[in-house]
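Here's the letter readout for the chains.
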Amino acid sequence: MSNFDSQNSPNYSEEEGTSRSSNPFTFLLYIVVIVGLVFIYFLFNNNSNLTLINWEKFNHEMLNDNDVEKVDIVNNEIAEVYIKKESLRKAKYNSVSTGFWGNVNNGPHFYFAIGSVDLFEKKLDAAQAGLLEKDKLVVDYVKRESYLPKLLSWIFPILLFIFLWFFIIRRITSGVGRTGNTIFDFGRSNPKLYEKGKYSNITFKDLAGYEEAKVEVMEIVDFLKHPENYTKLGAKIPKGILLVGAPGTGKTLMAKAVAGEAEVPFFSLSGSEFIEMFVGVGASRVRDLFEKAKRKAPSIIFIDEIDTIGRLRSKSISFQANDERDSTLNQLLAELDGFDPNTGVIVLAATNRADILDPALLRAGRFDRHIYLELPNKQERIAIFGVHMKSLVIDTNVDVVYLATQTPGFSGADIANVCNEAALIAARKKKLSIDTQDFFDAIDRMMAGIEKKSKLISPIEKNIIAYHEAGHAVVSWFLKNIDSLQKVTIIPRGKSLGGAWYLPEERQIITYSQFFDFICAALGGRVAEEIVFNEASSGALDDLEKITKQAYMMVANLGLSKKIGHVSFYDSTGEYESSIQKPYSESTAMLIDDEVRKIIEDAHTRAKNLLELNRNKLDDLAKRLLEKEVVYKSDLEEVLGKRTFTI
Ligand code: ADP
């Protein structure tokens with residue numbers, strides 16, 4: 001939501017400084033484990049210099065030469081041969097005479113499989129047939145157990161299992177986002193932390209307008225700075241404040257400014273970060289976030305997009321995802337209730353849909369204060385332009401008031417974007433300062449996308465587009481309730497092939513006749529095509545979509561149709577949003593459709609009458625558009641005459 005983060009403040013996480021990827025301790029641990037394993041190997045495996053032979057070699061080369069000191073039969077399977085010390089000097093024993101570390105090898109030096117003890121004894125007896133009993137070879141029978149293979153057979157599968165587990169979890173968590181960097185981090189929140197002076201310097205000066213809202217949050221700032229003034233009187237400060245406003249209206253900025261003014265740490269987390277693919281993570285993240293904030297109290301927690309967790313809890317059949325959201329919300333409620341209001345932690349939350357939040361969240365003692373950040377009015381827009389122009393090199397002829405007049409409906413974020421865009425446009429043209437035209441271009445671009453002069457349009461198509469745009473212009477010129485037209489163009493921009501720019505009035509309410517006039521003006525393009533070319537084209541898609549929505553809104557939600565009457569099927573709670581069933585009967589649905597069609601038909605007839613009456617003007621304007629591609633208000637006045645009504 002907020003593009004603030006990318007502009008002004010680096011993202012500092014609380015764990016900053018303890019880089020996980022190249023932790024020296026982990027590296028040391030690896031080395032210790034490897035050295036340990038090598039050590040164990042040599043400890044258990046002291047027979048490293050033992051050479052495999054067979055009976056023949058043993059008999060002919062060793063026994064016959066009287067080199068053998070003794071033979072151990074290990075576990076009735078293997079014969080281990082010890083060579084006499086003096087015989088070890090012989091060249092044929094060079095390979096076994098010394099041990100691993102260069103010491104004298106006391107044996108055993110060789111080994112071979114005996115097949116069976118009986119067989120071995122028979123062969124040995126036969127080999128030593130002529131010898132005296134005392135000269136015969138000493139044979140010992142030993143039982144030896146090797147623990148290492150057994151140990152390994154236990155440890156190996158366990159190690160493999162742990163390794164696989166680590167691996168899988170790591171893969172999963174790395175895909176989930178920036179939280180949960182290691183397997184132990186699932187349940188931990190990873191909020192961005194801002195501290196005034198240290199990480200961010202935002203104060204109320206950076207937040208233009210919203211004077212009433214500022215007064216309201218000033219109380220919070222004052223409490224965070226001087227809690228004793230409140231606690232000594234026994235006052236309880238609100239724990240939760242809900243900032244409600246459309247995207248880009250400065251909710252995040254407001255929360256940051258509160259933290260900046262109060263000079264307290266500011267923990268920022270988005271609602272969606274609580275809910276991830278693991279069940280139960282949300283709740284523990286909430287717990288962790290509050291713990292972190294309490295440790296740094298006084299502090300501010302900011303939860304952006306709280307509607308992702310705070311939606312009205314589901315009453316119908318609950319699915320897994322809803323369960324997780326519900327448990328996260330329950331934990332949030334528990335945390336809000338759990339801490340003493342005077343601990344110095346204040347929770348600010350932002351949403352653009354307060355109407356769909358669970359009432360439990362809005363109850364007294366929780367988010368009971370609501371601050372509405374509306375889209376800025378003209379005065380506020382002037383102030384916001386002021387804030388964002390401060391760092392730019394602006395031409396002296398730029399009129400901020402005029403720019404604010406041109407941008408009704410723009411949010412603070414949009415205005416910040418316009419300023420930046422204007423600077424980029426000026427830089428592209430290698431200008432020394434940003435002038436009015438750059439701002440106009442930036443506003444146009446924001447509203448309709450970038451100009452696409454290179455888009456290939458055939459002359460026939462261009463003619464249709466020119467009549468279409470001229471149709472909009474002529475119809476709206478003669479309708480009382482349509483805003484004053486500023487410019488008409490047939491230069492393609494973004495997806496659209498042309499457009500008409502109006503200077504919109506700020507309206508809080510819209511009357512029936514205003515709605516009707518909008519629909520007429522929006523149909524102007526299509527009607528012009530019908531009159532001039534005797535057929536319609538696909539060019540009116542956007543217009544038709546807009547007017548259909550508007551007409552349905554009038555009939556079904558605003559009670560502006562006599563036949564439907566003063567009823568509204570608008571659902572501010574969002575409960576019907578996901579249900580398939582409509583809140584009205586089949587016959588009402590048909591009636592709504594009929595009424596919508598009638599409104600649009602009537603508007604079509606009116607637009608047609610207007611254009612037929614002014615056919616010459618339509619032709620003139622289309623011609624001028626084809627010549628110039630862009631026509632301004634002065635051209636319009638020349639062709640269509642001065643407007644008799646100003647709105
Ligand atoms: P939200 O959280 O409501 O979506 P943000 O607080 O993230 O909006 O606002 C986005 C950007 O818009 C801010 O970083 C700031 O540059 C600009 N902005 C919005 N409102 C204002 C304002 N009143 N004054 C100055 N800048 C504003």
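Residues numbered from 1 in each chain as written. Predicted model: local features only at pLDDT ≥ 70, side-chain atom pairs only at ≥ 80, totals over all residues. Heavy atoms only, no water.

Overview of the packing of helix H20 (residues 541-557) against helix H21 (residues 586-613)
For the pair H20 and H21, the least separation of the axes is 9 Å and the interaxial angle reads 125 degrees. Taken together, H20 and H21 sit at an angle that is classed as oblique. Crossing handedness for the pair H20 and H21: right-handed. Of the residues in H21, those touching H20 at Ile 547, Thr 548, Ala 551, Tyr 552, Met 554, Val 555 and Ala 556 are Ile 592, Asp 593, Glu 595, Val 596, Ile 599 and Ile 600. Its residues placed into classes, the contact of H20 with H21 shows 10 nonpolar, 1 polar and 2 charged. (Axes fitted to C-alpha atoms, helices over the stretch in contact; angles between N-to-C directions. Helix = DSSP H or I, 4+ residues; strand = E, 2+ residues; numbered from the N terminus. Parallel < 35°, antiparallel > 145°, perpendicular 65-115°, else oblique. Left-handed = near helix turned anticlockwise from the far one by under 90°. Contact = heavy atoms within 4.5 Å. Nonpolar A, V, L, I, M, F, W, Y, C, P; charged D, E, K, R; others polar.)

Observations regarding the nonpolar core
Membership of the largest hydrophobic core comes to 46 residues, with the highest contact counts inside it found for Ile 519, Leu 611, Leu 621 and Leu 636. Elements represented by at least two residues in this core include exactly helix H18 (459-477), strand E12 (484-489), helix H19 (512-533), H20, H21, helix H22 (615-628) and helix H23 (633-640). What Ile 519 contacts, discounting residues up to four positions off in sequence, is Ile 547, Gln 550, Ala 551, Met 554, Ile 599 and Ala 603. In this structure, Ile 202, Ala 213, Ile 220 and Ile 346 belong to the second largest nonpolar core, which totals 29 residues. (Core = buried A, V, L, I, M, F, W, Y, C linked by side-chain atoms within 4.5 Å. Buried < 20%, exposed > 50% of the residue type's maximum accessible area, 1.4 Å probe, protein only.)

Let's talk about the confidence of the model for the chain
Predicted confidence across the chain gives a mean pLDDT of 80, with 83% of residues reaching 70 or more. The low-confidence segment residues 175-184 (pLDDT under 50) makes 25 contacts with residues lying over four places distant or belonging to another chain. In this model residues 316-320 is a low-confidence stretch, pLDDT under 50, and it forms 2 contacts with partners more than four residues away in sequence or in other chains. (pLDDT = per-residue confidence, 0-100.)

Examining the pairing of strand E9 (residues 299-304)
With 6 of 6 residues buried, E9 is to be regarded as a mostly interior element. Here E9 shows no split at all, with Ser 299, Ile 301 and Ile 303 on one side and Ile 300, Phe 302 and Asp 304 on the other all buried. One ladder, built from 5 bridges, connects strand E8 (residues 266-270) with E9; its direction is parallel. Following the sheet pairing, Phe 266 is matched in E9 by Ile 300. Pairing of E9 with strand E10 (residues 345-351), which is carried by 5 bridges, proceeds in the parallel orientation. Note on E10: the bridge partner recorded for Ser 299 is Val 345. (Pairing = 2+ DSSP bridges.)

Description of the packing of aromatic side chains
Applying the stated rule across the entire model yields 13 aromatic pairs. Their ring planes at 50 degrees and their centres at 5.5 Å tell us that Trp 55 and Phe 58 sit as a pair that is tilted. Here Trp 55 and its partner Phe 58 are both found in helix H3 (residues 55-63), 3 residues apart, which amounts to about one turn of the helix. Each of the two residues, Trp 55 as well as Phe 58, counts as buried. Judged by centre distance (6.4 Å) and plane angle (70 degrees), the rings of Trp 55 and Phe 112 are edge-to-face. Of this pair, Trp 55 sits in helix H3 while Phe 112 sits in strand E4 (residues 110-113); the two residues are 57 residues apart in sequence, bridging distant segments of the chain. Under the relative-accessibility criterion, Trp 55 is labelled buried at 10%. On the accessibility criterion, Phe 112 (1% relative accessible area) is buried. Of the aromatic side chains, those joined through ring pairs into one cluster are Trp 55, Phe 58, Phe 112 and Phe 120. Over the face of the ring belonging to Tyr 82 we find Lys 70, whose NZ or CZ atom lies 4.5 Å from the ring centre. Cation over ring: Arg 643 sits above Trp 477, and NZ or CZ is 5.8 Å from the ring centre. (Phe/Tyr/Trp six-rings, centres within 6.5 Å; stacked < 30°, edge-to-face > 60°. Lys NZ or Arg CZ within 6 Å of the ring centre and 35° of its normal.)

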